[in-house]
Every structure is written in C-alpha cells, then in structure tokens.
Amino acid sequence: MTETATGKAPFDLTELAMFVTTDIAGITRGRSFAASEIDDYMRKGVGWVPANLALTPFDEIAEANPWGSAGDLRLMAGPESRVRVTCLPDATPLHFYHADITDLGGNPWDCCVRSFLKRTLEEFEREAGLKVVAAVEQEFQLLGVDWPEAPSFSLRAQRRADPFGPLLMTALEEAGAEPEMFLPEYGKDQFEITCRAADALIAADRGATIRIIAREVAALFGWHASFAPKTSPEGVGNGVHLHVSFTDLDGNPATFDPSRPGRLSAVAGAFAAGVIRHLPAIAAFTAPSVLSYSRLVPHHWSAAYTCLGEKNREATLRICPTLDIAGSNPARQFNMEYRAADACASPHLSLAVVLKAGLEGIRAGLDQPPLVNSDPSELSAEEQQRLGICRLPESLGEALDTLAEDEVVTGWFAKEFLDCYVAMKRKEIGIVEDLSADELCSRYAAVY
Ligand code: GLU
Ligand code: MG
C-alpha cells in the first residue's frame, strides 16, 4: 500500500461519504462529510443551492436561471441508496449516496429529477397497476490508452485492458450495481457494461453509479473512460440503452402476450405508442447535448426515427429477443429498449420522461404502433408516413423547439424547472457553437 502525501496509508485517513445528485447535465455533484457521521447526516441532509441546476456541462451557469443567488435546499439520502467500494488499490473507499433534493422541511423540491422519477413510478402503480422494472446498458470508450489496435468484439481487445475489466466488475459488484456483462464493443477502444434489471429507481441510480465507477477504475490505469455520445466525428457512438418492462403489483410479468403483434401485451403496446408519439419532444431530455445529435443519425445502430421495431437496432424503441431454450421463461425476460439516450442526460430524468410518455399512451388507450423491422431510413417517404415514422430532431436547438411545441410533455414539469432546463441548454449551445466537429467531441469527451 502506497503512502499518501500525509505519510498515512489511505485506510488511516478519515473516510469521506458524499450525498450526490446527478443533475440535468448528467453530472454527479454533491457534498461530503466524515463517513462516521453518517447517521446525523441522514437525519439532516447536507446543504444545496437551487442555481446549481443551471450549471452547464462546462460549469458556466445560465444567467437566466429562476433563482440567482437566492434560496437553500438539502440533499437527503437514506441507507438504501448507499454505494461503498473498497477494492480500489491505493484509494480511500469510494462512498456515496444517491440523494433527493428537498426544501428545508425535507419535502421533495419541484425541480429534483430523482423525485420526479419516484412520482412517475407512483403514477404507474396508481393508474396502471404496474411496477416498472428497468436496466441500463452503457457504452464507453477508453481514452489515453497506448496499445496496439485489436479487432472489434475480440478477446484481444478485452485482454489489452486487463485487469481493468475484472477490477471494474469487482467494484460494481461491491457497489451493489449487479453487473452482468463487460464486453468489448464495435467502436475503437469501446466497451459496454450491462447490469441486472431492477426496480426503476435503482436502475436509474445504477446508471450514474456505473459511470462514476468506470471512470474511477480507468483513472487508476491513467485512462479516461468517456461516455460522451461520440469521441470522434467519424467514430461509433456511445449509447445508453434503457430497458423497460412491467409487472403487476404482485410481481407477475405484464409486458408479454404471445398472441399479439411483437408479443407486446395490450398495455405495453399502448405504452409503446405513447413513447413513439412524444419521442421528438422527449429527445431534448434523453439526448440532451449538442453532440448527442451526431450520434442520432441513420446507420449508427442508435436511433434516428420514431419507430417501434422488433429486434431492429435502427429502431428507437426495440422489442428485445427472448431466449427460448428449455427452462427459460420468455415472459420474465421480455422487455423494450429505448435507444435514443446517452450519458449527457440525467439517468433519472431520461427514464422518467420515457415512462411518462408511455403512461400518456396507456391513459389514452392508444393503439400499438406498427412494427418496423427494416432500417427506417431506407423506406420511401410515403412508406414512412404510412407507418407513422418521423425523423427525430437533428440538433439540440431543434429538439428544444420541438419540446416547446408538445404541451403534454411541457405540462409534466414545474415552470421553474422547464425555464431552467431550456436556459441551461441554450447556454450550452452558445458555448460550443463555434467549435469544429473534432473540437466538439474533445470538449464533451473531457466532461463525459
Ligand atoms: N453504439 C450504438 C449506439 O450508439 C449501439 C450498438 C449496439 O446495438 O449495441 O447506441
Ligand atoms: Mg452495445
């Protein structure tokens, strides 16, 4: 064990724990204290400032935010959202709690995205009698590496990074993130982490946890694990894919019905219709950066059009395959995957808006959209129109305009929240507007 600058080994230092919020820029921020004081901080929380919500990814604040220097909030967390990782060599334990933002009385703040997700999950239970099960699948690239090229998906690509993979898996297991797979992906130095499906709030927390831990582990090797939607203009995108399914309140699967098109139950079909209808507007939250729109283009296996597809990686909402070998239960595995998200987004907000959009479809009893099992960009304009397919916004500015036009979606939010979100995003556009394509990638890769 190496000694630190104080002459003490890491395990002799005061352990810190942090209450964190992963904000609308997808950045995890918070305040820390001596971990031994945790019981006290769980009772009273730590201080927080409303205007922090107006921070762009580049730490410049949108001046037009609703709060300015006024107001005080708390970050409040309980033991259930604890993450503590002790296996990182020569580091003090990584110890934090996903927190809600509250007022000074401990009531959820209108602009807290984690509380917004919690409310959405309550609406699902109350109105649809459904519990939401979710999982996040995240891609990233290792930057700053110095190794020979290796083929996509290859064992060699993975072994070059050793022992990064095993250490990452160990840390994620210790964090309770239930990692499933660590795999070399298609892109240059690209990897993917998948984790088990869980209650949707836990899944969203894991979205943030996995990024934090992957970056921390990569840094031990002198690399940066970048989850930016792209790290080079011609390269492959890094997606965040949100897998969603439902159970009834007793835990029985409610997404699967083999007698219906795509095997989607009636309620899941109406959910899909709501997501497809509101997709052009919710893209402003799930693909929230200027760079996000370089990934959402045809032939990137990401998502460029509003369409529901079965096993179709160009579909924004994809019905995933199930394993049909003996002993496997397709109803339990069955899920839909939302592909138009990336790591510039808050995982809580992106999951919440997808669920809210789907709930609108359930409320309105919408018909399931047609299944599109080919590349939507290769269909004629007439065919696209017949199938109800439309192009997603092609820039963040267009996404914000599209959001403003969808009154159902804007109606989900407190006015202050929406004003802050749009002001922050417009500021972000201004900060990067003069950058070349390469500079844009580097600017975002440095943050994400
Ligand atoms: N890299 C693709 C994306 O940007 C996803 C590839 C895959 O299907 O795993 O979303
Ligand atoms: Mg992938």
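Structure: above.
Everything quoted here is computed from the prediction, not taken from an experiment.

K.L.:
Would you mind going over the coordination of the magnesium ion (ligand 2) in detail, with residue names and values included?
P.N.:
The protein atoms that coordinate the magnesium ion (ligand 2) are E139 (OE), E185 (OE) and E192 (OE), at distances of 2.0 to 2.1 Å. Along the chain, the residues donating to the magnesium ion (ligand 2) fall in the pattern E-x45-E-x6-E. The buried category is assigned to E192, whose relative accessible area is 6%.

K.L.:
So what's going on with the side chain of S245? Which residues, and what values?
P.N.:
In this structure, S245 sits in strand 13 (residues 240-248). Look at S245 and you get buried, because its relative accessible area is 11%. Excluding residues within four positions of it along the chain, S245 makes contact with K131, V132, V133, T255, F334 and N335.

K.L.:
Talk me through unusual backbone geometry; I want residue IDs and the actual numbers.
P.N.:
Each neighbour pair has its own omega, and for D162 with P163 the value is 5°, a cis peptide bond. By the secondary structure assignment, P163 is in the loop between helix 3 (155-159) and helix 4 (164-174). One non-glycine residue, H299, adopts positive backbone phi at about 65°. Mapping H299 onto the fold places it in the loop between helix 7 (292-295) and strand 14 (308-310).

K.L.:
I'd like a description of helix 9 (residues 347-363), backed by residues and values.
P.N.:
In a regular helix each residue adds 1.5 Å, so 17 residues correspond to 24 Å; helix 9 covers 24 Å between its end C-alpha atoms and thus fits that length. The buried fraction of helix 9 is high, at 16 of 17 residues. N-cap assignment for helix 9: the residue whose side-chain oxygen lies 3.2 Å from the backbone N of H348 is S346. Of the residues flanking the end of helix 9, it is G365, one or two places downstream, whose phi is positive at about 60°.

K.L.:
An account of the pairing of strand 13 is needed here, citing residue identities and associated values.
P.N.:
Here strand 13 lies mainly inside the structure; eight of its nine residues are buried. In terms of strand pairing, strand 8 (residues 130-143) meets strand 13 through nine bridges, oriented antiparallel. Counted as the bridge partner of V136 is L242 from strand 13. Pairing geometry for strand 13 and strand 16 (residues 336-341), over four bridges, is antiparallel. From the neighbouring strand, V240 faces strand 16, where its bridge partner is A341.

Parameters and conventions
- Residues numbered from 1 in each chain as written.
- Chains lettered and ligands numbered in written order.
- Predicted model: local features only at pLDDT ≥ 70, side-chain atom pairs only at ≥ 80, totals over all residues.
- Heavy atoms only, no water.
- Donors = N, O, S within 2.8 Å, 3.2 Å for Na, K, Ca; no water.
- Buried < 20%, exposed > 50% of the residue type's maximum accessible area, 1.4 Å probe, protein only.
- Helix = DSSP H or I, 4+ residues; strand = E, 2+ residues; numbered from the N terminus.
- Contact = heavy atoms within 4.5 Å.
- Expected span 1.5 Å × (residues − 1).
- Polar contact = N/O pair within 3.5 Å; in protein donor to acceptor, adjacent residues only side chain to side chain.
- Pairing = 2+ DSSP bridges.

Scope: geometric values only; no functional claims are made or implied.
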